[in-house]
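Listed below, chain by chain, are the residues.
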Amino acid sequence: MFLGLDSSTQSLSALVIDPASGEIVREVSVNFGADLPAYKSPSGFIPGGKNGEVHADPRMWMEAIDLVFEKLADGFDLGSIEAVACSGQQHGSLYFDDTLEARLGSLKAAESLEGQLSGALTRATAPIWMDTSTGEECAEITAAVGGNAEVCRRSGSIAIERFTGPQIRRFFKLDPAAYEKTAVIHLVSSFVGSVLAGKSIAIDHGDGAGMNLLNLQSLDWDDALLEATAPGLRAKLPAAAPGTTIAGFVAEYFVEKYGLNRDCQVVLSTGDNPSSLVGMGATTPGTIVISLGTSDTFFAAMEKPVTDPQGFGHVFGNPAGGFMSLICFRNGSLSREALRDELGLDWSAFDRDGLAKTPAGNEGKLMLPFFGPEITPRRDFDAPVRNFPADAPAAEQVRALLEGQFLNMRLHSQWIGEKAELIRLTGGASQNDGIAQLVADIFQAPVERFAIANGAGLGAALRAAHACGHDLDTLQEAFCKPAAGSRLEPAEDTADTYASALAGYQALLSA
Ligand code: XUL
């Protein structure tokens, strides 16, 4: 059996798979807000950050590791787990002094992880992906390296506020003494993997590419980017390595305390999006994953690292080899829920009234569907923009918002240069039939929906099995199955309508 962990924004979840039966045999989760209320982080981060700061308490993540293993081991024998791999929310970073290695290497089962590791922290809190406080640092890094295009050519993305490099630079500027004392910087994913391995493990190319520090050609830390970010940074970063690397055996702590086998191996961690690419069975180009959540994300495997000339999209390492695109749209459910509440609708009415009562293309009524600042495209919206009256009937508003969201997604994913052959749709709103059909029509590709709630955790378990010799295609065939009867074909007669709607949307955005 193989274990996958996913340390996401709101929870740490764990999932055990049995490749022989093709079954997920155990799933447990620790919700940071509900299970660890002492950290006063109901949504997994410390509320009320100023100037765009969004940080989390790393001690909460340490406690959660103990708690998730307690839950896992309760009535279940962890001794037959052959290997474990982790996934984590991307970009977030933890800072430690030079006692970290000794602490990791001598963890005592009688004590807690938090009690033994938190003393090594040189930064009390960890900036996470929701942080937007580093605009100035992004500008400084960009200027030092020679412009957006150059940063993007090297790292796969322009300098991005939530990415780890700009976050490290901000720490160096705010507290140079603490930065100086810092001996090791980990991502959330590599930190959790390091605890399991009882030593600092390398950062994989999937999550490493979300730092504005990894050179996509050499797959090593980039000297110009390192220099532009903070002094002496290379020495503080773990090595960069392929995600299929086996880091070593699980720490004795987990053997004694939770009954893992001494031979259980720890595979390098990766970010939650690269991990979901594996968990959604989308590691070969042609299949696109669209995840509808608080923010919507669009990602797909790519052979060569093609970058977004506009600078909104990102290129990360694909855990199965090659690369992947990732585009994040901040106004996902945020906008769907805002309009639903504004119109006083419920979800089924959203589907029924909004999409069933209006024609494809909405007779030219278009909306830039942003209720707050957007990152793709990067603009400080505070309300949607319509080319029709704001008091139009609810059904027209709903269609305009949803068409606007997926036209915006189609427009801003064109740089990838691949036609979608199949779309795998996941996340809360994907269960809505009207929305799923709309995605099929706007992209003119079949849509399959996934029942798996935890694609990142499943991806981690599949990666663990793959690194130990199981064939990835066979694993994905067994575990990454769409929900029965969930496939929808595009209505071909809407192709022309959406081609002209796309042009109209682009014109509205430019205006
Ligand atoms: C991706 C990103 C988010 C986090 C969420 O760039 O910031 O998807 O990985 O966990």
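Residues numbered from 1 in each chain as written. Predicted model: local features only at pLDDT ≥ 70, side-chain atom pairs only at ≥ 80, totals over all residues. Heavy atoms only, no water.

## Quick notes on the overall build of the chain
Here is step 1: Within the chain, the regular secondary structure consists of 20 helices and 25 strands.
Here is step 2: Scaling as 2.2 N^0.38, a compact globule of 511 residues should have a C-alpha radius of gyration of about 24 Å, and the chain matches this with 22 Å.
Here is step 3: Seen through its C-alpha atoms, the chain measures out along the principal axes to roughly 65 × 55 × 45 Å.
Here is step 4: Residues classed as buried in the chain amount to 61% of the 511 residues present.
Here is step 5: Element-wise, carbon and sulfur atoms account for 50% of the exposed surface of the chain, whose accessible area totals about 18,500 Å². (Helix = DSSP H or I, 4+ residues; strand = E, 2+ residues; numbered from the N terminus. Rg over C-alpha atoms; globule rule 2.2 N^0.38 Å. Buried < 20%, exposed > 50% of the residue type's maximum accessible area, 1.4 Å probe, protein only. Areas by Shrake-Rupley, 256 points an atom, 1.4 Å probe, with all protein chains shown as cover.)

## Examining the pairing of strand E17 (residues 296–302)
Here is step 1: Burial runs high along E17: 7 of the 7 residues are buried.
Here is step 2: Neither face of E17 is exposed, since Asp 296, Phe 298, Ala 300 and Met 302 on one face and Thr 297, Phe 299 and Ala 301 on the opposite face are all buried.
Here is step 3: Direction of pairing for strand E16 (residues 287–292) relative to E17: antiparallel, over a ladder of 5 bridges. When the bridges of E17 are listed, Ser 291 appears paired with Thr 297.
Here is step 4: Two successive antiparallel strands, E16 and E17, enclose a turn made up of 3 residues.
Here is step 5: Bridge count between E17 and strand E19 (residues 323–329): 7 bridges; the pairing is antiparallel. Looking at E19, one finds that Ala 300 is bridged to Ser 325. (Pairing = 2+ DSSP bridges.)

## Observations concerning the environment of Ala 251
Here is step 1: Note that Ala 251 resides in the loop between strand E13 (246–249) and helix H12 (252–258).
Here is step 2: Judged by its relative accessible area of 10%, Ala 251 is buried.
Here is step 3: The spacing of Ala 251 and Gly 198 is 53 residues in sequence and 4.7 Å in space, taken between C-alpha atoms.
Here is step 4: Apart from residues no more than four positions distant in its own chain, Ala 251 is found in contact with Val 195, Leu 196, Ala 197 and Gly 198. (Contact = heavy atoms within 4.5 Å.)

## Quick notes on the site of the ligand
Here is step 1: Around the ligand lies a shell formed by Gln 89, Gln 90, His 91, Trp 129, Arg 162, Asp 272, Asn 273 and Leu 326.
Here is step 2: Between the ligand and His 91, the relevant distance is 2.6 Å, taken from an oxygen atom to a side-chain nitrogen or oxygen of the residue. (Near = heavy atom within 4 Å. Polar contact = N/O pair within 3.5 Å; in protein donor to acceptor, adjacent residues only side chain to side chain.)

## Topic: the domain arrangement of the chain
Here is step 1: Structurally, the chain comprises domain 1 (2–274) and domain 2 (281–451 + 481–511).
Here is step 2: Between domain 1 and domain 2, the C-alpha centre-to-centre distance is 30 Å.
Here is step 3: On the domain 2 side, the residues contacting the 23 residues of domain 1 number 19 residues.
Here is step 4: Of the roughly 1,400 Å² buried between domain 1 and domain 2, counting both surfaces, carbon and sulfur atoms make up 61%. (Domains from an automatic or database assignment. Buried area = accessible area lost by both parts, 1.4 Å probe.)

## Focus: the pattern of salt bridges
Here is step 1: Throughout the structure, instances matching the rule amount to 23 salt bridges.
Here is step 2: Between Arg 154 and Glu 150 there is a salt bridge, with its nearest N and O atoms 2.9 Å apart. Of this pair, Arg 154 and Glu 150 both sit in helix H6 (residues 148–155), separated by 4 residues, roughly a single helical turn. Summarising the burial analysis for this pair, Arg 154 and Glu 150 share the class buried.
Here is step 3: Several salt bridges converge on common partners, so that one network encompasses Glu 136, Glu 137, Glu 140, Arg 169 and Lys 173. (Salt bridge = Lys/Arg side-chain N within 4 Å of Asp/Glu carboxyl O.)

## With respect to the packing of aromatic side chains
Here is step 1: This model, assessed by the stated rule, comprises 11 aromatic pairs.
Here is step 2: With a centroid separation of 4.9 Å and an interplanar angle of 55 degrees, the aromatic rings of Phe 69 and Phe 254 are classed as tilted. Taken together, the positions of Phe 69 in helix H2 (residues 58–73) and Phe 254 in helix H12 put the pair 185 residues apart, joining distant regions of the chain.
Here is step 3: According to the relative accessible area criterion, Phe 69 is buried, its value standing at 1%.
Here is step 4: A relative accessible area of 0% means that Phe 254 is categorised as buried. (Phe/Tyr/Trp six-rings, centres within 6.5 Å; stacked < 30°, edge-to-face > 60°.)

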